[in-house]
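Structure assessment
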Amino acid sequence: MLGDVLLIEEKHKQAAARIADYVLADRQPGTIIAISGESGSGKSELAHCLGRVLKDKGFAAKLVHSDNYYLTLPKDRNDWRKAHGPEAIGLNEYDWDRIQQTLEDFRRGRTAQMPCIDLITDQVDTLTTDFSQMDMLVLDGLYAIAAKNVHFRVFIDLTYHETKKAQLVRGKEKVDDWRMTVLEHEHRAVASIKNKADFIVTSSYEVTPA
């Protein structure tokens, strides 16, 4: 997402290096890595660092942020959620068909067009990528590990209660009673897919097999 804020720390770099070791030890053609976790847990930071580590090791990895694939724009999302009720918050808010199309385009080495949300203008831009030049794809987002045909699934085991500081610093959304309701329902949805993970990033950012 354009305009997003990354808060990269040494823990993200170290966890990324550990994940890269696992990935490269069992790398398959067209490797797809998915990273999930709650808001503020460091998904984008970890994905960014993993992409850099893989590049340093000679592999081109394309980062794809599943937040670009919501069915609603950020500026409209709260109104939609309030209209449909907090129980509508969860996996069904993603355009999974479009996510899977992007993954298929990567697997087949196609030139693909992907949505890219500009957080400053609230517009949906179009990003064109030649996947034939990519060795791997890293998909990050709240529910990314629920995507099909992923080789490595990483789950960051931090709840929104533990990431309040990161949320405030990033300032993507106003923290009020409604936001806390959203975070609680996202928490339940994210927790429901934890069992899909191949690797767990603990609260201290240690990486362990699930």
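Up top you'll find the structure we're talking about.
Because the structure is a prediction, the values reported are computed rather than measured.

Enumeration over the complete set of coordinates arrives at eight salt bridges. Ionic pairing is found between R81 and E186, a salt bridge with its closest N-O pair at 3.4 Å. Of this pair, R81 sits in helix 3 (residues 74-84) while E186 sits in helix 6 (residues 177-191); the two residues are 105 residues apart in sequence, bridging distant segments of the chain. Judged by its relative accessible area of 6%, E186 is buried.

Okay, the nonpolar core next. If you look at the biggest cluster of nonpolar residues, it comprises 27 residues, and the most contacted ones within it are Y94, I99, L137, L139 and Y143. Mapped by element, the contributors of at least two residues to this core are strand 1 (31-37), helix 4 (96-107), strand 3 (111-118), strand 5 (136-140) and helix 6. Considering every element that reaches this core, the biggest residue donor is helix 4, with four residues. V23, C49, L54 and I156 belong to the second-largest nonpolar core, a separate cluster that totals 24 residues.

Looking now at the packing of helix 1 (residues 10-25) against helix 2 (residues 43-56). Where helix 1 contacts helix 2, the two axes come as close as 8 Å, and the packing angle between them is 55 degrees. Relative to helix 2, helix 1 is oriented oblique. Seen along the crossing, helix 1 lies across helix 2 with a hand that is right-handed. Only E45, L46, C49, L50, V53 and L54 of helix 2 make contact with helix 1, whose side of the interface consists of H12, K13, A15, A16, A17, I19, A20 and L24. Its residues placed into classes, the contact of helix 1 with helix 2 shows 11 nonpolar, one polar and two charged.

Pairing is mixed in the open sheet, where six strands are placed in the order 2-5-1-6-7-8. On the outer flanks of this sheet lie strand 2 (61-65) and strand 8 (207-209), each paired with one strand and no other. The average undirected angle you get between the axes of adjacent strands in this sheet is 20 degrees. In the packing of helix 1 onto the sheet, the strands contacted are strand 1, strand 5, strand 6 (152-156), strand 7 (199-201) and strand 8, and the crossing angle to strand 8 comes to about 30 degrees.

Positionally, R52 belongs in helix 2. Residues R52 and A17 lie 35 residues apart in sequence; the distance between their C-alpha atoms is 9.4 Å.

To continue, consider the side chain of K43. Positionally, K43 belongs in helix 2. Buried and unpaired, K43 has D140 as its nearest opposite-charge partner, separated by 6.0 Å. Only 2.9 Å separates the side chain of K43 from the backbone oxygen of E38, close enough to count as a polar contact. When sequence neighbours within four positions are dropped, the list of residues in contact with K43 reads I35, S36, G37, E38, D140, G141, L142 and I156.

Evaluation of the coordinates by the stated rule reveals six aromatic pairs. Taking 4.5 Å as the distance between ring centres and 35 degrees as the angle between the ring planes, the aromatic pair formed by Y22 and F199 counts as tilted. Of this pair, Y22 sits in helix 1 while F199 sits in strand 7, and the two are 177 residues apart along the sequence. The rings of Y70, Y94, W96 and Y143 are connected pair by pair, giving a single aromatic cluster.

Procedures and definitions
- Residues numbered from 1 in each chain as written.
- Predicted model: local features only at pLDDT ≥ 70, side-chain atom pairs only at ≥ 80, totals over all residues.
- Heavy atoms only, no water.
- Salt bridge = Lys/Arg side-chain N within 4 Å of Asp/Glu carboxyl O.
- Helix = DSSP H or I, 4+ residues; strand = E, 2+ residues; numbered from the N terminus.
- Buried < 20%, exposed > 50% of the residue type's maximum accessible area, 1.4 Å probe, protein only.
- Core = buried A, V, L, I, M, F, W, Y, C linked by side-chain atoms within 4.5 Å.
- Axes fitted to C-alpha atoms, helices over the stretch in contact; angles between N-to-C directions.
- Parallel < 35°, antiparallel > 145°, perpendicular 65-115°, else oblique.
- Left-handed = near helix turned anticlockwise from the far one by under 90°.
- Contact = heavy atoms within 4.5 Å.
- Nonpolar A, V, L, I, M, F, W, Y, C, P; charged D, E, K, R; others polar.
- Pairing = 2+ DSSP bridges.
- Lys, Arg positive; Asp, Glu negative; His and termini not counted.
- Polar contact = N/O pair within 3.5 Å; in protein donor to acceptor, adjacent residues only side chain to side chain.
- Phe/Tyr/Trp six-rings, centres within 6.5 Å; stacked < 30°, edge-to-face > 60°.

This is a description of form; function is not addressed.
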